[in-house]
Amino acid sequence: MKLSFRWYGPEDPVSLAYIKQIPGVTGIVSACFDVPVGEVWSVEKISALQDQIDGAGFHFEVVESISLHEDIKLGRPTRDRLIDAYCRSVENVGALGIPVVCYNFMPVFDWTRTDLALPLSDGSNALAYIHDDLKNFDLTKGTGTLPGWAIQYTAEELRGLLAAFEEVEDEQLWENLGYFLERVVPVAESAGVKLAIHPDDPPWPVFGLPRIITSGAAMQRVCGLVDSPANGITLCSGSLGAHPENDVPAIAKALKDRIHFVHLRNVHRFGEQQFHESTHPGGDVDLYAIMKELHAAGYAGPIRPDHGRMIWGEVGRPGYGLYDRALGANYLLGLWTAISRS
Ligand code: DNO
């Protein structure tokens, strides 16, 4: 495996120089955050980012993410032009030798939490989710300060999108995903890029919006929509693990040939549709068992620690501080080394 770390580009307070001090990290996961969704990522833009990554002594292993325009998810007529732009971006990523593109198919909202800094008993704080607390967010005001999303919508845009998705049932969403993959996968194949869909986080509907990538069976179904090695998944232990019925080590085993990227983090579930993020070794998900499955399958792709808590007084981008993610990386390296040598 290639131990990797997410970097939010030159603006990220967690610099490449800091990341370099974490043992074993060779890969960087990043994106051209300033290209508006739906537009083509030019070779110039991607290679400027790649130059910085190379210059710091890393490999640019994964683009996370090239986001999909909502019109693609909605199946609107404008999707053909947008899918075409997506294909050009994938070609450009491939031309620069970056092997993996991560994406997701969550309507409107990417990952969702109801508390960005839940105090934990050890004095740290972590991202948390309590389903009933979603009612505290007033979406008539737009996405506002909800965390982590590449795209923010005004009140009016959001109203339009929420209304449009009311017409879209799960099966329609599946069809729209199939339509997208039928067009993009062949392009990815010839560009030497592997697509890796990220599961929905959390893996159930939020704000009344449908969510379909919520289980191992769903990810299996994605792989079957277009049967190509270029059409694969991101195994995210924290997203899948928020649902007690998702046996993440079993999913890792079942989908081993199609896993192109791995996010390893942990969650502690404290009620139905309630969890907070935890230390990498703590929590309800068995990262050791997942790593063992990946190792047994000969997994050679990128693995990154995912969100961390805020510890030692660090303040920063929710989930993406340096300290706890660095501890996570070191834990993953330790697990992998021990499994390899035993
Ligand atoms: C959250 C991340 C997600 C992820 C996208 C993948 O921290 O795991 O934002 O990047 O959902 O497209």
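The rules behind each value
Residues numbered from 1 in each chain as written. Predicted model: local features only at pLDDT ≥ 70, side-chain atom pairs only at ≥ 80, totals over all residues. Heavy atoms only, no water. Core = buried A, V, L, I, M, F, W, Y, C linked by side-chain atoms within 4.5 Å. Buried < 20%, exposed > 50% of the residue type's maximum accessible area, 1.4 Å probe, protein only. Helix = DSSP H or I, 4+ residues; strand = E, 2+ residues; numbered from the N terminus. Contact = heavy atoms within 4.5 Å. Pairing = 2+ DSSP bridges. Axes fitted to C-alpha atoms, helices over the stretch in contact; angles between N-to-C directions. Near = heavy atom within 4 Å. Polar contact = N/O pair within 3.5 Å; in protein donor to acceptor, adjacent residues only side chain to side chain. Nonpolar A, V, L, I, M, F, W, Y, C, P; charged D, E, K, R; others polar. Salt bridge = Lys/Arg side-chain N within 4 Å of Asp/Glu carboxyl O. 1 Å grid on protein atoms, 1.4 Å probe; cavity = no way out; pocket = protein on both sides within 12 Å on 5 of 7 lines; lining within 4 Å. Points joined across faces, edges and corners; volume = space filled by probe spheres on them.

One finds Ile-19, Tyr-103, Leu-177, Phe-180 and Leu-235 to be the most contacted residues of the largest nonpolar core, which totals 96 residues. No other element matches helix H6 (residues 170–191), which puts 11 residues into this core. Not counting the four nearest positions on each side in its chain, Ile-19 is found in contact with Phe-5, Arg-6, Trp-7, Val-14, Val-25, Ile-28 and Phe-58.

Next up on the list: the pairing of strand E6 (residues 125–130). In terms of strand pairing, strand E5 (residues 115–119) meets E6 through three bridges, oriented antiparallel. Bridged to Asp-115 within E6 is Ala-128. Count of turn residues in the E5/E6 antiparallel hairpin: five residues, of which Gly-123 carries a positive phi of about 90°. In the sheet, E6 pairs with strand E11 (residues 274–278) via three bridges, with the strands oriented antiparallel.

Moving on: the sheet that holds strand E3 (residues 59–64). Spatially, eight strands are ordered E1-E2-E3-E4-E7-E8-E9-E12 in a closed barrel, and the strand pairing comes out parallel. This sheet shows a mean twist of 30° between the axes of neighbouring strands, independent of strand direction. Here strand E1 (residues 2–6) pairs with strand E2 (residues 27–30) via three bridges, running parallel. Considered in E2, the bridge of Arg-6 is made with Val-29. Packed onto the sheet, helix H2 (residues 43–55) meets E2 and E3 and runs at close to 135° relative to E3.

Attention now goes to the site of the ligand. In the vicinity of the ligand there are 14 residues, among which Glu-64, Ser-65, Asp-110, His-307 and Tyr-320 approach most closely. Here Ser-65 contributes a side-chain N or O atom positioned 2.6 Å from an oxygen atom of the ligand. A distance of 2.4 Å separates an oxygen atom of the ligand from a polar atom in the side chain of His-307. With three residues, the single largest contributor to the shell around the ligand is strand E4 (residues 100–104). Along the lines of polarity and charge, the residues of the shell around the ligand split into five nonpolar, five polar and four charged.

Next up on the list: the pattern of salt bridges. Scanning the entire structure with this criterion turns up 18 salt bridges. Arg-76 is the salt-bridge partner of Asp-71, the closest N and O atoms lying 3.0 Å from each other. On the basis of relative accessibility, which here comes to 11%, the residue Asp-71 falls in the buried class. Where Arg-258 meets Asp-227, a salt bridge forms, and the shortest distance between an N and an O atom there is 2.3 Å. One end of the pair, Arg-258, is in the loop between helix H9 (248–254) and strand E9 (259–264); the other, Asp-227, is in the loop between helix H7 (216–225) and strand E8 (231–236), and 31 residues separate them in sequence. Take Asp-227: its relative accessible area is 68%, and that puts it in the exposed class.

Now for the environment of Val-40. Tracing the sequence through the fold places Val-40 in the loop between E2 and H2. Considered as a pair, Val-40 and Asn-92 are 52 residues apart in the sequence and their alpha carbons are 8.9 Å apart. Excluding anything up to four places from it in sequence, Val-40 contacts Val-35, Ala-85, Arg-88, Ser-89 and Asn-92.

Glancing now at the layout of surface pockets. Taken as a whole, the second largest pocket spans an internal volume of roughly 220 Å³. Along the lines of polarity and charge, the residues of the lining of the second largest pocket split into seven nonpolar, two polar and four charged.

Read from one edge to the other, the open sheet built from four strands follows the order E5-E6-E11-E10, with strand pairing classed as antiparallel. Two strands lie at the open edges of the sheet, namely E5 and strand E10 (266–271), each paired on one side alone. Taken pair by pair, the neighbouring strands of this sheet meet at an average axis angle of 35°, ignoring direction. As paired elements, E10 and E11 share five bridges and run antiparallel to each other. Paired with Val-267 across the two strands is Glu-277, which belongs to E11.

Shape descriptors only; they carry no functional weight alone.
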